[in-house]
Amino acid sequence: MIRPGRQALYGAIVLALCLTLAACSGGDYSSPTAATVSTPAAPSGTTPAPTPTPTPTATTVTASVSSLTLSVNDPSLNAALTGNPRQLTITNTGTADALDVTVTMSPSLPAGTTVSPASCATIPANGGTCVLTFTPGSTPTAAVGNTSPVPDVASIVGSNTNTVTSEVAVVTYGNVYQSGYIFSVDDTTATTGSIGAKVAALTDQSTGIEWGGFGTLTNASSLTDGASNSTAIVTTLGTGTSYAAGLCSQSIGGYSDWYLPAICELGYGTNPSCGTSASPLAQNLQSSLVDNGNVGAMSGYYWSSSEYSASPQNIAWLQYAATGGGSAQFDILKLDAFKVRCVRAATN
């Protein structure tokens, strides 16, 4: 039996213990809870990791043309060399915006030629466009007479697009273009594409061949349109390489649309009314090539496709290519043998 005094002492001890346990357990001694582990706070001064940027959706861009040829801006050389600005259009054909679209030229554009804008930035989805305008200066991309010209290449690419390229060339008389020396420029064509031009073959096609069809009227009467003349001649005389225009109907440099130039395409002269050196009737080989440093090494007598109106069955016009000036034109019997330099109209 516990004595009353000690019982009171034991009671006091138990009460103290209960009060202590209640304070540690949040006041509920009868149902104590498990201890909770808290997550330590981030050290002072640290930055939470950034949320990753989602990868942009890929899209596709296209270029309006694979090549763009421009005329130099040099009207002092010839009024035809107006240097009209021309456009290359980049189109986003995909369903996502084209982002961070840049334009890079390699090699650099020739001095004086510019492209605007310098970059396309964002091109909207579903047919959005960026129009690049090339404005030529007076300097061509390649040197006159260079038979292996290297065009500039425009490369267009965005952070979520494919890369598209387009060749860009600024040209003048004597530049090589589509297998021939440029002697005529048409800068009035649509500015969404290349210039029009006529080119002369890089070499003579013959050093001596007859005009052909002596005694035969072919109705090749134009002084300026050698293409129509040549068609009339070949239609009358038939295909073959035994006469001047027939020689030009063959494939040369990968093209098969060559023709024998008309007399005013070859040069100038007051008879038969092809004009003068200062004011020729048409852009021609003598002015643009022979008088321009003798590009193409033409010299001597060349057949034209133009029949002589006073005796078209027997006589045709002949051009004398004189280096340093002195162009001359003659009416000669068709059965004589002279040189041939074929020409063609460039295609876009």
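One can find the structure itself at the top, above this paragraph.
Treat the numbers as computed from the prediction; the structure is a model and nothing was measured.

Caption draft 1: Representation of the nonpolar core in the model. If you look at the biggest cluster of nonpolar residues, it comprises 34 residues, and the most contacted ones within it are Ile 182, Leu 260, Trp 303 and Val 340. Listing elements by their share of this core, those giving two or more residues are strand S9 (163-171), strand S11 (180-186), strand S12 (196-201), helix H2 (226-237), helix H3 (244-248), strand S15 (315-321) and strand S17 (337-340). The leading source of residues in this core is H3, at four residues.

Caption draft 2: Looking closely at the sheet that holds S12. Pairing is antiparallel across the open sheet formed by four strands, whose spatial order is S10-S11-S12-S18. Of all strands in the sheet, those bounded by a partner on one side alone are strand S10 (176-177) and strand S18 (343-345). The sheet contact formed by S11 and S12 spans six bridges and is antiparallel. Note on S12: the bridge partner recorded for Ser 184 is Lys 198.

Caption draft 3: Layout of the sheet that holds strand S1 (residues 61-63). In spatial order, the strands read S1-S3-S7-S5; together these four strands make up an open sheet with antiparallel pairing. Lying at the two open borders of the sheet, with one neighbouring strand each, are S1 and strand S5 (114-116). Between one strand axis and the next, the sheet turns by 20° as a mean value, whatever way the strands run. Of the pairings in the sheet, the one linking strand S3 (residues 86-92) to strand S7 (residues 129-135) comprises six bridges and is antiparallel in character. Looking across to S7, one finds that Leu 88 is bridged to Leu 132.

Caption draft 4: Molecular detail of the side chain of Ser 71. Along the chain, Ser 71 falls in strand S2 (residues 67-71). By relative accessible area, Ser 71 is classed as buried at 0%. Every residue in contact with Ser 71, bar those within four places of it in the chain, is listed here: Leu 81, Thr 82, Gly 83, Pro 136, Val 170, Val 171, Val 185, Asp 187 and Ile 195.

Caption draft 5: Summary view of the pattern of salt bridges. Considering all chains together, one arrives at five salt bridges under this definition. The residue Asp 187 makes a salt bridge to Arg 86 at a minimum N-O spacing of 2.9 Å. Placement of the pair is Asp 187 in the loop between S11 and S12 and Arg 86 in strand S3, with a sequence separation of 101 residues. Of the two residues examined, Asp 187 and Arg 86, each falls in the buried class. Taking the shortest distance from any N to any O, the salt bridge between Arg 341 and Asp 204 comes out at 2.7 Å. With Arg 341 in the loop between S17 and S18 and Asp 204 in the loop between S12 and strand S13 (206-210), the pair connects residues that are 137 residues apart, well separated along the chain. The exposure class of Arg 341 is buried, given its relative accessible area of 2%.

The rules we used
- Residues numbered from 1 in each chain as written.
- Predicted model: local features only at pLDDT ≥ 70, side-chain atom pairs only at ≥ 80, totals over all residues.
- Heavy atoms only, no water.
- Core = buried A, V, L, I, M, F, W, Y, C linked by side-chain atoms within 4.5 Å.
- Buried < 20%, exposed > 50% of the residue type's maximum accessible area, 1.4 Å probe, protein only.
- Helix = DSSP H or I, 4+ residues; strand = E, 2+ residues; numbered from the N terminus.
- Pairing = 2+ DSSP bridges.
- Axes fitted to C-alpha atoms, helices over the stretch in contact; angles between N-to-C directions.
- Contact = heavy atoms within 4.5 Å.
- Salt bridge = Lys/Arg side-chain N within 4 Å of Asp/Glu carboxyl O.

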